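# Overview (structure and organization)
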Amino acid sequence: MSYSKLISLAEAVRRHTRDGQQYASGAALPVGSDAVVFGRELLRQGRRDLHAIFHCSTQQLNLLAAAGAVARVECGFSGLEVFGFANGLRRAVEEGRTVLEDYSNLSMALRLLGGAMNWPFVPATVNIGSDLQYRSAFAPDEHPARHKIPAVADPFSGREIGALSPLRPALAGIHVSLADPLGNAIMLGTEWSRFELSRAAQKVILVADAIVDTACMRQFPNLVRIPDVVVEAVVWWPFGAWPQASPGLYDADEEHMKSMNQALATEEGTAAYLKRFVEGYSDVPSYLDLIGRDRVRQLAQTSTAFLIDPFRRWLQTPAEITALSASCSPAGEVYR
Amino acid sequence: MSYSKLISLAEAVRRHTRDGQQYASGAALPVGSDAVVFGRELLRQGRRDLHAIFHCSTQQLNLLAAAGAVARVECGFSGLEVFGFANGLRRAVEEGRTVLEDYSNLSMALRLLGGAMNWPFVPATVNIGSDLQYRSAFAPDEHPARHKIPAVADPFSGREIGALSPLRPALAGIHVSLADPLGNAIMLGTEWSRFELSRAAQKVILVADAIVDTACMRQFPNLVRIPDVVVEAVVWWPFGAWPQASPGLYDADEEHMKSMNQALATEEGTAAYLKRFVEGYSDVPSYLDLIGRDRVRQLAQTSTAFLIDPFRRWLQTPAEITALSASCSPAGEVYR
Amino acid sequence: MIAEYTRQEMMAIATGREIRDGELAIFGVGLSMLAGFFAQAHHAPRVRAMTEGGIYGATPLGGLPWGIECNRISSNATSFTSALDALGCLVASGRCDVGIIGAAQVDRFGNVNTTGIWVGGIGDAYRPPNTRLTGAGGANDIACGAKRFLIMVGHEPKRFVEKVSYISSPGYLDGDDARQRHGFVGGGPSAIITTLGILRPHPETKEFHLDGWFGFSSPDQIRHATAWDLKVLPGARPVPEPSKAELAALRKVDVTGALRKG
Amino acid sequence: MIAEYTRQEMMAIATGREIRDGELAIFGVGLSMLAGFFAQAHHAPRVRAMTEGGIYGATPLGGLPWGIECNRISSNATSFTSALDALGCLVASGRCDVGIIGAAQVDRFGNVNTTGIWVGGIGDAYRPPNTRLTGAGGANDIACGAKRFLIMVGHEPKRFVEKVSYISSPGYLDGDDARQRHGFVGGGPSAIITTLGILRPHPETKEFHLDGWFGFSSPDQIRHATAWDLKVLPGARPVPEPSKAELAALRKVDVTGALRKG
């Protein structure tokens, strides 16, 4: 017997987030699959003082930091690749409003793996010998830092390597391409570290671009890298990674990537952005209106669209998804 | 530009194996995907004194050990699940001909992960405190064993855990469901530890039940968990896991699983088995004849057959495979 | 009027009763899987079952699987991952609620031997066992990491020994708080369910005591089949016989009647 | 008659020339990817390219990707895995032959800063940078693990400093055998390719020396654009200008002409 975990985005944020929480997202690359819309909802509900765990910076982190909602952040890359520096994050860090602890991209993945395995530490043959090891923004007075990446001796050879601290974020908002109502998910494109994050986080909320019938998962079980057993709730939100890309579904919105980052460079620009693109919609249809229906159609004309073809027959319509969500009570009603 | 890595099984074993080698296979569960036919070819070419790394025992290890080709073995499970003890391996171990070092199933996966990452050691919160840590068949005089799973202190908390030694086998023979001629592979069913093994081994040979066009991999890149960059050679051998199962393609041959294990319980039975089922074929068609064409058809009537449906249109015929193999020279000719 | 049932069926049902609805549970093949899927069919519809190969959302089709990668358990899965995921991320991590393991030998502190039988003990220097068994498999990982685990084993004196000759999977080691020395995230064995009854650990000493006996057995019979001086827990009592609903649920899972032969 | 080309194009071609056929190579976005795919198109058809997201077998379609998860690099891949796989199993493991990284600052021992600019240095207690940059990303992992790596950077005095204020990715640290203290499996930076020329490490001291200059630059110009006292390797010479075939191959890769703007 199976139970629908579909809930609304507003409800997911209301139920599962709180001020000061260790919140992980951005478990995809700066221009790719990230639950950006989850971050917008965090701001709509006024969450603040977050301890953000982002494997890489994304527009979500950029926005959250620009809006002043991030007290601390740990990440491996804080830019936006070819789109340049993440201006909102940069401003928050330079002004001392957000304290950023630096790691490398592999280290962040390893720390999530360590959290998933519940190891006390993770062996590191990277980050050692550089200022990623010697400098800690979380312990500024230690130089060299002694607790960020302490040394550990290999008991076989005596060789000294580093020890990374595992991550076990209280909540992860993970963007996926396809999910079923039970919480089984398919990611198209690089997983980045979403597999590890889904096991490391104490609670996982999926933000899926599309909902499919569970029969899709039974046809492609090897693609279901996030099984329902680790998932708390499923949110359906098409274009949930916008303005970033979701392979198979839509391209990055280059114009908005640039204008958003430009807006976040100043306090005034950020205020205007928040008013328009955070407070300016009330549901999925008005969100898509905000992006612009023409833009939505154009972004969906991606050269990767063929990646979704094998799954099209199982895609659920908005009406079907609404029916499945309505059947979901806190006690968990049977949906099939 | 792309190059075919398709070679014959005989050539793969001739080129890439030698007596005394650290050989890893069985990276699937005792009744599932394992390159059993690779082990048969090792025996056909008289390889011996192998140091076998098998995450789990399989009929391949059972056969190799029964035939006296295994000097040392490291594994996590040495039985055949519901089919009982692995009689050939059991006999070799009890008689002292094969020295078996015990780990758990997780530890074997972790040791392969450690090899893949090139870590000096892997943190272990399992196997400690039991005789898996205190007893070593490879160092029989140490009690408690000091070098098998030595203690390591967590530099964050001081807590003492275990350190596992990473595995980097010289050669891995890995069974996969589908491969393309370049060495990209799709596994159906649990990966068990084939992903980790494919990165830990110094050389990887795929044994694929079926060959597909590379267009299949471009349609399902998230299913290609073993990319060509880590693969040395591809061998096409249908029913290569027989008498074990290959999800999507064929069921376990219950009758042969039992009769094979019964034969391997004695030296005479083993000799008879080798004569018939190791020396008794010369190529793929005569191998399938040996299994029995009716049996082959019946085993392929698996309840999992639907798993292969999405890939059928890219399956290559034996004639196409032969043409692709012929184009492969040691210098690596272009195939498309 | 009580329905007829075998000792194996009683053991499977008694084990299944230990599994609660909604739990994340890891099952091995054979008896363990039958007990688990019986629980799911009978009183725990929302149990989240997985195997150590990372097979999620599946129920066996067409009979008892021959192994955890048997196609009978692969034909209706919603997710296939890996050993590292199932045994590492979900079991060794402490996330899994309950596991079921088997034993060739078990001792008074619930330590399990599935590795080998050494006549006269191993001695100081390791030597090959007189009888080689299957090794630890995933059971050691379950014993270290699962919040609790259940041991299913046929009740015979040669299996219920004072001290196992080789600890393949740790129970309470030498009792009391010995597990804490190793920092195990898992809580240890919560019950040993046998062909004759149910043993549970004493809350302080962690020595296994008799807690229940089946309709066809008795405390005396169980003590005779146990090589250590088996004590009895306060409140020990007969285990309720299988209900008709339980038997019906079990037999629906045990398609091929594997347990009815026992 | 030499074809016209930009400084960025010269830098990309000089970098691409460092990549040999058949190598396992990791490319970042932007210049690094253009240089790598130029090499594949021109002289290294069997180069095995990947990104740090675990995208294998792909070539960019429809222009320079905006990032390594951009759909332009995801539309013809043969395999998608993960960061742990690409940066861990293939790069930090020592398996990858060559990586290309960028730099905001680089010093005489090839140490790279991409983390921040601190006016007057950080000081003993860590403080936020005056200018926050992008952080280490995967470059630290490439610098530690790849058999060798190439640094691409615009040649200006503020970028070529005596000592970087923050080591994001280790070059040769303080020179000689300093890398060995950390047991790095990777060999370190084999070249710094700039908008003006090519610097290579002295075989003993590991200090970077001038090895080549471009048709439009000179040793003097390069020394003036370098804040440390740049020495010249024996055998240093002008770098051959791009051939027509090279330029044609590069421009086929640089569909949108990103490098021609430079």
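Rules and cut-offs
- Residues numbered from 1 in each chain as written.
- Chains lettered and ligands numbered in written order.
- Predicted model: local features only at pLDDT ≥ 70, side-chain atom pairs only at ≥ 80, totals over all residues.
- Heavy atoms only, no water.
- Helix = DSSP H or I, 4+ residues; strand = E, 2+ residues; numbered from the N terminus.
- Rg over C-alpha atoms; globule rule 2.2 N^0.38 Å.
- Buried < 20%, exposed > 50% of the residue type's maximum accessible area, 1.4 Å probe, protein only.
- Contact = heavy atoms within 4.5 Å.
- Areas by Shrake-Rupley, 256 points an atom, 1.4 Å probe, with all protein chains shown as cover.
- Lys, Arg positive; Asp, Glu negative; His and termini not counted.
- Charge placed at Lys NZ, Arg CZ, Asp CG, Glu CD.
- Pairing = 2+ DSSP bridges.
- Axes fitted to C-alpha atoms, helices over the stretch in contact; angles between N-to-C directions.
- Arc of directions from axis to C-beta.
- Domains from an automatic or database assignment.
- Buried area = accessible area lost by both parts, 1.4 Å probe.
- Salt bridge = Lys/Arg side-chain N within 4 Å of Asp/Glu carboxyl O.
- Polar contact = N/O pair within 3.5 Å; in protein donor to acceptor, adjacent residues only side chain to side chain.
- Parallel < 35°, antiparallel > 145°, perpendicular 65-115°, else oblique.
- Left-handed = near helix turned anticlockwise from the far one by under 90°.
- Nonpolar A, V, L, I, M, F, W, Y, C, P; charged D, E, K, R; others polar.
- Phe/Tyr/Trp six-rings, centres within 6.5 Å; stacked < 30°, edge-to-face > 60°.
- Lys NZ or Arg CZ within 6 Å of the ring centre and 35° of its normal.

Here we come to the overall build of chain A. Looking only at helices and strands, chain A has 13 helices and twelve strands in total. Its C-alpha atoms give chain A a radius of gyration of 20 Å, within 12% of the compact-globule value 20 Å for 336 residues. Across the 336 residues of chain A, 69% fall into the buried class. In chain A, of all internal contacts separated by at least 6 residues, the share reaching a separation of at least 24 is 76%. With an accessible surface of roughly 10100 Å², chain A has 49% of that area assigned to carbon and sulfur atoms. For chain A, the distance from the average position of its 32 positive side-chain charges to the average position of its 36 negative side-chain charges is 2 Å.

This next bit is on the pairing of strand 10 (residues 204-211) of chain A. All names here are of chain A. Extensive coverage of strand 10 is indicated by the burial of eight of its eight residues. Sheet topology note: the strand 8 (residues 171-179)/strand 10 ladder contains seven bridges and is parallel. Each residue of the ladder has a partner; that of Ile174, found in strand 10, is Leu206. Taken together, the four bridges between strand 10 and strand 12 (residues 233-236) define a ladder with parallel strand orientation. Within strand 12, the residue paired with Ala208 across the bridge is Trp236.

This next bit is on the sheet that holds strand 6 (residues 151-153) of chain A. Each strand in a sheet pairs with its neighbour through backbone hydrogen bonds, running either in the same direction (parallel) or in the opposite one (antiparallel). Residue and element names in this part refer to chain A. Pairing is antiparallel across the open sheet formed by three strands, whose spatial order is 5-7-6. Across the chains shown, the open sheet's two edge strands, defined by having one partner strand only, are strand 5 (122-124) and strand 6. Adjacent strand axes in the sheet meet at a mean angle of 50 degrees when their direction is disregarded.

Looking now at helix 7 (residues 244-253) of chain C. Since there are 3.6 residues in each turn of an α-helix, residues three or four apart along the chain are aligned in direction. All names here are of chain C. Along helix 7, the residues classified as buried are Glu246, Leu247, Ala249, Leu250 and Val253. An end-on view of helix 7 places all buried positions within 165 degrees of arc, on one side of the element. Exposed residues on helix 7 whose side chains face more than 90 degrees from its buried face are Lys244 and Lys252.

This paragraph deals with the domain arrangement of chain A. Residues and elements named next belong to chain A. Domain parsing of chain A yields domain 1 (9-104 + 168-325) and domain 2 (120-164). One C-alpha centre belongs to domain 1, the other to domain 2, and the line joining them spans 31 Å. Taken residue by residue, the interface counts ten residues in domain 1 and ten residues in domain 2. A combined buried area of about 770 Å² lies between domain 1 and domain 2, and 60% of that area is made up of carbon and sulfur atoms. When the area that domain 1 buries against domain 2 is broken down by residue, the three leading residues are Glu101, Tyr103 and Ser104, summing to 58%. On inspection of domain 1 and its partner domain 2, the count reaches one salt bridge. Between Lys148 and Glu101 there is a salt bridge whose closest N-O contact spans 4.0 Å. In this assembly, domain 1 and domain 2 are joined by four residue pairs in polar contact (both at pLDDT 80 or more). For the side of domain 1 that touches domain 2, the secondary structure elements donating two or more residues are strand 3 (70-75) and strand 4 (99-102). Examining the composition of the side of domain 1 that touches domain 2, we find that four residues originate from one element, strand 4, more than from any other.

Residue and element names in this part refer to chain D. An order of 7-6-11 is seen for the three strands of this open sheet, with the pairing classed as mixed. Lying at the two open borders of the sheet, with one neighbouring strand each, are strand 7 (112-113) and strand 11 (160-161). Pairing geometry for strand 6 (residues 105-107) and strand 11, over two bridges, is parallel. Counterpart to Val106 in the pairing with strand 11 is Phe160.

So, on to the packing of helix 3 (residues 59-66) of chain A against helix 4 (residues 87-94) of chain A. Residues and elements named next belong to chain A. Following both chains from N to C, one finds helix 3 and helix 4 inclined at 45 degrees, their axes separated by 7 Å at the closest point. Considering the angle they form, helix 3 stands oblique to helix 4. As for the relative orientation of helix 3 and helix 4, their crossing is left-handed in sense. Of helix 4, the residues touching helix 3 (which contributes Leu61, Asn62, Ala65 and Ala66) are Asn87, Gly88, Leu89, Arg91 and Ala92. Taken together, the residues of the contact of helix 3 with helix 4 sort by class into five nonpolar, three polar and one charged.

Moving on, we get to the packing of aromatic side chains. One pass over the full model with this rule turns up 39 aromatic pairs over all chains. One aromatic cluster is present, formed by A:Phe220, A:Phe311, A:Trp314, B:Phe220, B:Phe311 and B:Trp314 through successive ring pairs. Its end group placed over the ring of A:Phe138, A:Arg72 keeps NZ or CZ at 3.9 Å from the ring centre. Positioned over the ring face of B:Phe85 is B:Arg90, at 4.0 Å from the centre of the ring.

Another aspect to go through is the interface of chain B and chain C. Facing 63 residues of chain B, the contacting portion of chain C comprises 52 residues. In total, about 4400 Å² of surface goes out of reach between chain B and chain C, with carbon and sulfur atoms giving 59% of it. Put simply, B:Asp102 and C:Arg132 hold a salt bridge, and the shortest N to O gap is 2.8 Å. Linking chain B with chain C are 27 residue pairs in polar contact (both at pLDDT 80 or more), by the criterion used here. Mapped onto the side of chain B that touches chain C, the elements with two or more residues apiece are helix 4 (87-94), strand 4 (99-102), helix 5 (105-117), helix 6 (131-134), helix 7 (194-200) and helix 9 (254-263) of chain B. Broken down by element, the side of chain B that touches chain C gets its largest block of residues, six residues, from helix 5 of chain B. Considering only residue class, the side of chain B that touches chain C consists of 27 nonpolar, 22 polar and 14 charged.

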